[in-house]
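Secondary and tertiary structure notes
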Amino acid sequence: MGRKLLLEHINVPGINTFDVYRQKGGYRAVEKALKTLTPDEVVEEVKKSGLRGRGGAGFPTGMKWSFLAKPEGVPRYLVCNADESEPGTFKDRYLMTHIPHALIEGMIVSSFALGANTSYIYVRGEMMPQIRILEKAIAEAKNAGFLGKNILGSGYDLELYVQPGGGAYICGEETALLESLEGKRGNPRIKPPFPAIAGLYGCPTVVNNVESIAAVVPIVNDGGDEYAKIGIGRSTGTKLISASGNLVRPGVYEIELGLPVEEFIYSEEWCGGIANGKRLKATVAGGSSVPILPANLTLKLANGEPRLMSYESLSEGGFATGSMMGSGGFIAFDEDQCIVRNTWNFSRFYHHESCGQCSPCREGTGWMEKVLHRIEYGHGKMSDIDLLVDVSKKIEGNTICPLGDAAAWPVASAIRHFRDEFEWHVNEPVKSLTTNYGLANYAEPIAKAVTTEN
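Here's what I pulled together on the structure shown here. Bear in mind the structure is a predicted one, so any value in this text is a computation, not a measurement. (Residues numbered from 1 in each chain as written. Predicted model: local features only at pLDDT ≥ 70, side-chain atom pairs only at ≥ 80, totals over all residues. Heavy atoms only, no water.)

What follows is about the overall build of the protein chain. Looking only at helices and strands, one finds 20 helices and 13 strands in the protein chain. Relative to the globule expectation of 22 Å for 454 residues, the C-alpha radius of gyration of the protein chain, 23 Å, shows essentially globular dimensions. Dimensions of the protein chain along its principal axes, counting C-alpha atoms only, are 75 × 50 × 35 Å. Sorting the 454 residues of the protein chain into buried and exposed places 59% on the buried side. In the protein chain, the share of contacts with a sequence separation of at least 24, taken over all contacts with a separation of at least 6, comes to 71%. (Helix = DSSP H or I, 4+ residues; strand = E, 2+ residues; numbered from the N terminus. Rg over C-alpha atoms; globule rule 2.2 N^0.38 Å. Buried < 20%, exposed > 50% of the residue type's maximum accessible area, 1.4 Å probe, protein only. Contact = heavy atoms within 4.5 Å.)

Right, let's get into unusual backbone geometry. The omega torsion across lysine 191 and proline 192 is 0°, close enough to zero to call that bond cis. Inspection of the secondary structure assignment puts proline 192 in the loop between helix H8 (174-181) and strand S4 (205-209). That bond from proline 192 to proline 193 is cis: its omega, 5°, falls within 30 degrees of zero. By the element assignment, proline 193 lies in the loop between H8 and S4. Of note in this structure, tyrosine 27 is not a glycine but carries a positive phi near 70°.

In this model, the largest pocket occupies a volume close to 1,300 Å³. Around the largest pocket, the lining comprises 46 residues; the ones closest to its centre are Gly55, Gly56, Ala57, Gly172 and Glu173. Within the residue set of the lining of the largest pocket, elements represented by two or more residues are helix H4 (61-66), strand S1 (77-82), helix H5 (91-98), S4 and helix H18 (403-427). Looking at the lining of the largest pocket residue by residue, the class counts come to 19 nonpolar, 17 polar and 10 charged. (1 Å grid on protein atoms, 1.4 Å probe; cavity = no way out; pocket = protein on both sides within 12 Å on 5 of 7 lines; lining within 4 Å. Points joined across faces, edges and corners; volume = space filled by probe spheres on them. Nonpolar A, V, L, I, M, F, W, Y, C, P; charged D, E, K, R; others polar.)

Bringing helix H15 (residues 339-353) into the picture now. Look at H15: 21 Å from first C-alpha to last across 15 residues, which is about the 21 Å you get at 1.5 Å a residue. By the burial criterion, the buried members of H15 are Ile339, Val340, Asn342, Thr343, Trp344, Phe346, Ser347, Phe349, Tyr350 and Glu353. Next to the buried residues of H15 lie strand S10 (280-284), strand S11 (292-294), strand S13 (329-334), helix H16 (359-376) and H18. (Expected span 1.5 Å × (residues − 1).)

Inspection of the secondary structure puts serine 119 in strand S2 (residues 118-123). Among the residues examined, serine 119 registers a relative accessible area of 0% and is labelled buried. One polar contact links serine 119 to serine 111, side chain to side chain, over a distance of 2.7 Å. Serine 119 has contacts with Leu78, Met107, Ser111, Leu158, Glu159, Leu160 and Tyr161, leaving out every residue within four places of it along the chain. (Polar contact = N/O pair within 3.5 Å; in protein donor to acceptor, adjacent residues only side chain to side chain.)

The subject of this paragraph is the nonpolar core. With 64 residues, the main nonpolar core has Tyr27, Leu103, Ile104, Ile121 and Val123 as its most contacted residues. Here the element with the most residues in this core is helix H6 (residues 100-114); it accounts for nine residues. What isoleucine 121 contacts, discounting residues up to four positions off in sequence, is Cys80, Ala82, Leu103, Ile104, Met107, Leu134, Leu160, Tyr161, Val162 and Gln163. (Core = buried A, V, L, I, M, F, W, Y, C linked by side-chain atoms within 4.5 Å.)

Bringing the side chain of serine 313 into the picture now. By the secondary structure assignment, serine 313 is in helix H13 (residues 311-315). In this structure the side chain of serine 313 is engaged in a polar contact, spanning 2.7 Å, whose partner is the backbone nitrogen of leucine 308. Apart from residues lying up to four places away in sequence, serine 313 is in contact with Leu301, Pro306, Arg307 and Leu308.

Okay, structure coming up:
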């Protein structure tokens with residue numbers, strides 16, 4: 001099943017405790033970093049690894065760290081974004097639940113590299129069990145001398161705090177998170193200035209995802225060059241995938257980037273295929289905010305080559321025939337699922353979670369939800385389909401933060417690839433209330449793509 005870096009010891013009893021985690025080699029990265037490396041050398045190892053942000057944007061982590069301003073006498077902060085709120089994504093919650101010390105160790109090493117003496121883990125407010133687990137893990141690490149004053153006699157001090165959020169999706173955006181952490185309403189800030197210059201309390205700040213920070217541990221232990229050997233091209237290392245939907249074995253998987261999508265879905269080593277013997281209809285590859293793809297474009301590129309689980313391959317073809325890796329929230333839809341209903345459900349979420357600061361997002365998400373509801377429940381008009389496309393274009397690129405794009409892309413891509421299903425809902429309003437459209441007109445290419453190698 002490929003090499004495991006983060007979940008290697010996931011099934012070891014007691015791995016969530018300090019003692020067992022330590023027995024399995026835990027906190028070696030802290031010892032190596034604080035005793036044998038300088039902060040700049042740690043940053044350089046992360047750069048060499050090619051690690052890209054695992055929260056959705058995919059920006060090179062080492063490069064992001066190198067942007068951090070270092071004015072004399074001004075504190076710096078590292079903030080872990082554990083506000084995992086993307087529908088279809090649950091990998092960070094899984095990691096914090098089962099191996100909390102992997103995150104704590106990553107926070108210590110990363111804070112050392114950035115020169116931060118106070119760091120925070122901002123956790124989604126609904127995740128109270130995970131908050132308690134992290135607080136316990138922090139206390140264990142501090143009792144063992146890995147947090148607090150003069151860690152391991154190195155002269156480096158670090159205090160680490162867990163901060164519950166208020167359950168707002170918008171606080172997954174890094175500047176809204178910082179506003180919330182400061183006790184304000186979680187509204188995204190206008191950039192520039194960027195957090196690397198003026199972040200938490202106006203000081204230089206780096207915000208990274210849970211998985212990104214945990215990945216620093218194997219990078220420091222094995223070296224950036226060794227980490228870069230895993231994966232394919234610029235998609236280096238391993239990636240946690242939250243697999244859900246109509247799969248035989250949904251769950252959290254750690255894959256080596258570059259694994260064929262078809263193998264991930266159908267192999268007995270991974271998801272085991274589509275549940276109940278059904279055929280694949282569509283996938284959302286990276287969480288609800290990325291474009292949806294029909295089965296034929298999920299498994300193959302437009303040129304017929306296999307599509308891979310990598311940043312480059314999933315985005316191959318742009319939004320016309322591709323999608324995005326995103327946060328790794330992989331949702332599979334079988335032939336009985338309704339694309340219109342699913343798109344309406346996503347729009348309902350984004351309308352509810354819009355902070356309301358930007359008019360295109362505040363108003364546009366509401367319009368999309370209403371129009372999609374109208375089509376889904378048999379009251380739609382043919383002109384509504386083009387209206388949805390037009391509204392999505394008015395939102396995309398016209399907001400302070402990416403939530404507007406996240407709301408627009410699923411709607412635009414659903415109509416792009418499944419327009420016939422939307423038209424069927426309009427033309428068959430009564431029938432659509434009790435019958436699913438199924439695979440219909442695109443059954444043959446999907447059936448061929450799915451069955452040729454299985």
